[in-house]
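Letter by letter, the chains look like this.
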Amino acid sequence: MRLQAKGIDVAYDGRRVIEGLDLTIPDGKVTAIIGPNGCGKSTLLKTLARLIRPTKGQVFLDGQDIHAAHTRDVARKLGLLPQSPLAPEGITVADLIARGRAPWRSILGRWSPADTAARDAALSATGLEALADRPIAALSGGQRQRAWIAMTLAQDTPILLLDEPTTYLDLPHQVDLLRLLGRLNRDSGRTVVSVLHDLGLAARFSDHVIVMSAGKVLAEGPPSEVITTQTLATAFGLEAVVIPDPIANTPLVVPV
Amino acid sequence: MIRLSGLLLAAILLGLAFGEVHLPPSAILRWDGAAELLIGVIRAPRVAVAVLAGAALGLAGALLQSLLRNPLASPDVLGFTSGAGLGAMLVVALGGGALSITLGAASGGVLAALAVTALSWKSGIVPLRMILVGIGASFTLQAITQFMMTRLTGAEAVEAARWLSGSLAARHWGHAMQIGLCLAVLLPLAALSLRALRLLELGDEVATGLGLHVTRARAGIAALAVALVASAVAVAGPVPFVALLAGPLAVRFGAPMLLGAAVVGAIVTVLADLAARGLIDGVQLPLGVMTGILGAPYLLWMLSREMERGRL
Amino acid sequence: MRVVLVIALLVAGVILSLSLGARAVPPAEIWAAITAFDPSDPNHLVIRDLRLPRLCAALIAGVGLALAGVLMQAVTRNPLAEPGILGVNAGAGFAVVLGVYAFGLSGAAPWLAFPGAALAAAAVFLLGGGARAGSGGGATPARLALAGIALNALLISLISALVLMRAEALDVYRFWIVGSLAEAQMRPLLPMAATVAAGVVLAFASAPGLDALALGDEAARSLGTRTGLVRASVLLAVTLLCGGAVVVAGPIAFLGLAVPHLARMIASRSVVATLAVALPLGPAILLAVDVFGRVVMPPAELRVGTTAAALGGVIFILIARRMRPGEVT
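Treat the numbers as computed from the prediction; the structure is a model and nothing was measured.

A. Representation of the overall build of chain C within the structure. Helix and strand content of chain C: 14 helices and 0 strands. Starting at the N terminus and ending at the C terminus, chain C contains elements arranged as α-α-α-α-α-α-α-α-α-α-α-α-α-α. Burial analysis of chain C (329 residues in total) assigns 57% to the buried set. Of the contacts made within chain C by residues no fewer than 6 positions apart, 74% connect residues no fewer than 24 positions apart. Carbon together with sulfur atoms contributes 71% to the accessible area of chain C, which is approximately 12,700 Å² in total.

Following this line, the structure appears as structure tokens:
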């Protein structure tokens, strides 16, 4: 397993958010991290992405402490999409995606054919070919989020971490986006980890679910084993019955 | 960019051809003794200093504006220029020469930058807080500079007053060489910083994700901007508003941010200097007065535009 | 108790201001110079011709700037609002210089300070978004401060340009551009005292309306406050207070920024109470700054405007640091 956390404590704004957490991200699968507000799921993702340094314990990428490795080498293995990133004024879709090639270029390195190929692949994977020359500001919310995902795709990393990628999108666009992530995983074997809010979507579109509560991992495993009346009550304080989804047979949460 | 280069060339030619003393075109074409003295000895070094100092200021402004992602974050608003002015002023008061004035300006600028950064730090940097702290710092630094002036003797005070309002009067080739050498070192560094800047534009988290040492890159770019400001202030005094104007104007012309800002900075400075010395007969205004008159309305306009877009 | 301290500070400032200087005059003699003036005694001459006018100028400017600061901070709901930083003082100074050098006015020129201050105050509110206070926009601290420095920079550049076009003007320029109490005997003290007094009355009259405005425009209107009238009377009061202060002392920053904050620490948060405390506190602090400037490095004298601006920048930073990010934007 390539990405692991061992015994990490994480403080954020001087407050300890995560305590003694061990976690292994399964390779080549779509993983969702869920949990109530303030349980530390975004903090966990940022720690896995080396944005936050744990006060205790370590995050390992390919067996090496992620903070000991050169940040550029990490960037070739692990891509990250933060929550609601901001695009510079006037930047076009193609230009934004091209910036995802940064870790692959040397200080004076020219734009190479490999860079062009990666950019075009990212454009076509996200279905943005026709919009390549549009400014980001002119896109709809769903298209904009696809453009950002395309940027992380151009980074060409085997692991992709996304912090609440579906926030501010309406339901059809959320579904659209999660299908895109699933396709990326199937086509190239990428490991995809996202923090999600919606339990139903997490259950439906992930292979592996991590439920967090008060800075700890409460349960993890396939959705059908993890999303149960029991965990929902413990993690969210939500009284609910879980029935099989009539289409996909994944767990469906029905609040009581 | 082609338009801007053309404009720069035109501004340089205008700066050489016009000035306090009128020189008929026939005399310029004949290149007689008067033309050689006036253009070759008096105007050419002055225009050269204007081009180089303007470029340095424009570049410094664009670097800081991109770094803090705020069009108002320029070295004059942030107090760096006032710091460089005070540093140079102290050296002038102590009777230092050209090189020590440069060093004084540089250390003043660096100290002001460090102080403003430290004072705005409160579990992180909020650009707007930094701008407000910079405004306060400029106030204090300018007051101290004013006080220093009252301690000088008459002739020194007049010279210092001119220098403080940003003046290019009586610049010679030595000044041009001095800032030229500074730029020869700093421009390649600015070109190298472009890559980091393009990543920082995407936000700290994305930039880290793409393999950038964000803190290190930030500090390096800020230091570069301060060095640029200091080298311009050392030869031209604390000229206000050029750094603030150049970046946004360059974007308006569709030019690349950094290179465009340098060229726009040069154009604005050459033209403002020309207006300052040739607009009103018999009056030589300091360059800084002219950029203030031109730049302040621009700042006001930009404020109202930012407000309309609801970003301020 | 604290108010008593403020008044004691003011009295001490008055006595020190009269007795300290190049020629020290003992307090007993000050009293004699006022009650039993003897034209042959040089001490009496110093008191009557130099120090009393200086004291009066400090009292007028101190009251004017402090109350103007309270009003501006209340009406903009902005802790950084201040006549010096927002360019109102520079507007008054510019109008006077313009009157002297462009139109050749001399006796009437000081009165131009009032239209100058009024225009600058109106401009900075407008540019800073003050006019939109009701519709969610509003004048945020950053906006207002930036509009102020831009206006300040423009006016000071224009003053420099005007002055440099008339080479003989440099002395008068310095007189107007650096706040100073030293040449007070040359300024029209009596008419300005009357003007500032009118401003004080108007300030207290606007105070209840300002308290209502603090709840937001809509709430104020539903409480029966005529918000437009309150703003207009505040603008007029600020004009009278700042214009009078600038005419007697030149532009002085800082006082209008610091005094309201200190006054709010001493009094309650109501505008009337703040004004009442600022009334003695403003001149007390201005006198303290002036006395400090006179004794810190004799025989040289620090101009009160310079000391005040240096202090003002520091206080501006302290206030900006205390604001939360949400308040800054």
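B. Fine view of the overall build of chain B. For chain B, the helix and strand inventory stands at 13 helices and 0 strands. Taken from N to C terminus, the helices and strands of chain B fall in the order α-α-α-α-α-α-α-α-α-α-α-α-α. Computed over its C-alpha atoms, the radius of gyration of chain B comes to 19 Å, within 12% of the 20 Å expected for a compact globule of 312 residues. Dimensions of chain B, computed from the C-alpha atoms along their principal axes, are close to 65 × 50 × 40 Å. Across the 312 residues in chain B, those meeting the buried criterion constitute 58%.

C. Inspection of the interface of chain A and chain B at higher detail. Contacts between the two partners involve 27 residues from chain A and, on the opposite side, 18 residues from chain B. Both faces combined, the contact of chain A with chain B buries some 1,800 Å², and carbon together with sulfur accounts for 58% of it. Area buried by chain A at its contact with chain B is led by Thr71, Leu86 and Arg99 of chain A, which between them contribute 28% of it. On the surface where chain A and chain B come into contact, there are 3 salt bridges. Looking at side-chain class alone, the side of chain A that touches chain B contains 15 nonpolar, 5 polar and 7 charged residues.

D. Representation of the arrangement of the chains. Of all 2 pairs of chains sharing an interface, the pair with the highest contact count is chains B and C. Taking C-alpha atoms only, the smallest gap left between chain A and chain C, which are not in contact, amounts to 15 Å.

E. Structural detail: the environment of Pro251 of chain C. Positionally, Pro251 of chain C belongs in the loop between helix H10 (227–249) and helix H11 (255–266). Pro251 of chain C sits 33 residues away from Ala284 of chain C along the chain, and the two C-alpha atoms are 18 Å apart.

F. Highlighting the pattern of salt bridges. Applying the stated criterion to the full structure yields 19 salt bridges over all chains. The salt bridge involving Asp62 of chain A is made with Arg2 of chain A; its shortest N-O contact spans 2.8 Å. Of this pair, Asp62 of chain A sits in the loop between strand E4 (56–61) and strand E5 (64–65) while Arg2 of chain A is found in the segment before strand E1 (3–12), placing the two residues 60 residues apart along the sequence. In this structure Arg2 of chain A comes out as partly exposed when scored by relative accessible area, which is 27%. With its nearest N and O atoms 3.3 Å apart, the salt bridge here joins Asp176 of chain A to Arg146 of chain A. With a gap of 30 residues between them, Asp176 of chain A in helix H6 (residues 171–188) and Arg146 of chain A in helix H5 (residues 141–154) connect regions that are remote in the sequence. For Asp176 of chain A, a relative accessible area of 36% puts it in the partly exposed group. Residue Arg146 of chain A is classed as buried on the basis of its relative accessible area of 18%. Ionic contacts of the salt-bridge type, sharing partners, join the residues Asp95 and Arg99 of chain A together with Arg198 and Glu201 of chain B into one network.

G. How the structure looks around the packing of aromatic side chains. If you walk through the whole model with that rule in mind, you get 1 aromatic pair over all chains. Sitting over the face of the ring of Phe60 of chain A, Lys6 of chain A holds its NZ or CZ atom 5.1 Å from the ring centroid.

H. Highlighting the interface of chain C and chain B. Taken residue by residue, the interface counts 45 residues in chain C and 41 residues in chain B. At the boundary of chain C with chain B, total buried surface from both sides reaches about 3,600 Å², with 79% on carbon and sulfur atoms. In this assembly, chain C and chain B are joined by 0 salt bridges. Put simply, the parts of the chain that give the side of chain C that touches chain B at least two residues each are helix H6 (141–165), helix H13 (304–322) and helix H14 (325–328) of chain C.

I. The pairing of strand E10 (residues 216–221) of chain A, seen in detail. All names here are of chain A. Bridge count between strand E9 (residues 208–213) and E10: 5 bridges; the pairing is antiparallel. Note on E10: the bridge partner recorded for Val211 is Ala219. The antiparallel hairpin formed by E9 and E10 contains 2 residues in its connecting segment, where Ala214 sits at a positive phi of about 50 degrees.

J. Quick look at the sheet that holds E9 of chain A. Residues and elements named next belong to chain A. Taking strand neighbours across the sheet as the criterion, the 6 strands line up as E6-E7-E8-E3-E9-E10 in an open arrangement whose pairing is mixed. Two strands in the sheet have a free side with no partner beyond their single neighbour: strand E6 (78–81) and E10. Sheet twist, expressed as the mean angle between neighbouring strand axes with direction ignored, is 15 degrees. Relative to the sheet, H5 contacts E6 and strand E7 (159–163), its axis offset from that of E6 by approximately 165 degrees.

K. Just the pairing of strand E11 (residues 240–244) of chain A, in detail. All names here are of chain A. In the sheet, E11 pairs with strand E12 (residues 251–255) via 5 bridges, with the strands oriented antiparallel. Residue pairing across strands places Ile243 opposite Leu252, the latter belonging to E12. Where E11 folds back onto E12 in an antiparallel hairpin, the turn is made up of 6 residues, including Asn249, whose phi is positive at roughly 65 degrees.

L. Molecular detail of the packing of helix H1 (residues 2–17) of chain B against helix H12 (residues 257–278) of chain B. Residues and elements named next belong to chain B. The contact between H1 and H12 brings their axes to 9 Å, and the two run at 25 degrees. In this view, H1 runs roughly parallel relative to H12, as classed from their interaxial angle. Handedness of the crossing formed by H1 with H12: left-handed. Counted together, Leu4, Leu7, Leu8, Ala11, Ile12, Leu14 and Gly15 of H1 and Gly260, Val263, Val264, Ala266, Ile267, Val270, Leu271, Leu274 and Arg277 of H12 form the full contact between these two elements. Residue composition of the contact of H1 with H12, by class: 13 nonpolar, 2 polar and 1 charged.

The rules behind the values
- Residues numbered from 1 in each chain as written.
- Chains lettered and ligands numbered in written order.
- Predicted model: local features only at pLDDT ≥ 70, side-chain atom pairs only at ≥ 80, totals over all residues.
- Heavy atoms only, no water.
- Helix = DSSP H or I, 4+ residues; strand = E, 2+ residues; numbered from the N terminus.
- Buried < 20%, exposed > 50% of the residue type's maximum accessible area, 1.4 Å probe, protein only.
- Contact = heavy atoms within 4.5 Å.
- Areas by Shrake-Rupley, 256 points an atom, 1.4 Å probe, with all protein chains shown as cover.
- Rg over C-alpha atoms; globule rule 2.2 N^0.38 Å.
- Buried area = accessible area lost by both parts, 1.4 Å probe.
- Salt bridge = Lys/Arg side-chain N within 4 Å of Asp/Glu carboxyl O.
- Nonpolar A, V, L, I, M, F, W, Y, C, P; charged D, E, K, R; others polar.
- Phe/Tyr/Trp six-rings, centres within 6.5 Å; stacked < 30°, edge-to-face > 60°.
- Lys NZ or Arg CZ within 6 Å of the ring centre and 35° of its normal.
- Pairing = 2+ DSSP bridges.
- Axes fitted to C-alpha atoms, helices over the stretch in contact; angles between N-to-C directions.
- Parallel < 35°, antiparallel > 145°, perpendicular 65-115°, else oblique.
- Left-handed = near helix turned anticlockwise from the far one by under 90°.

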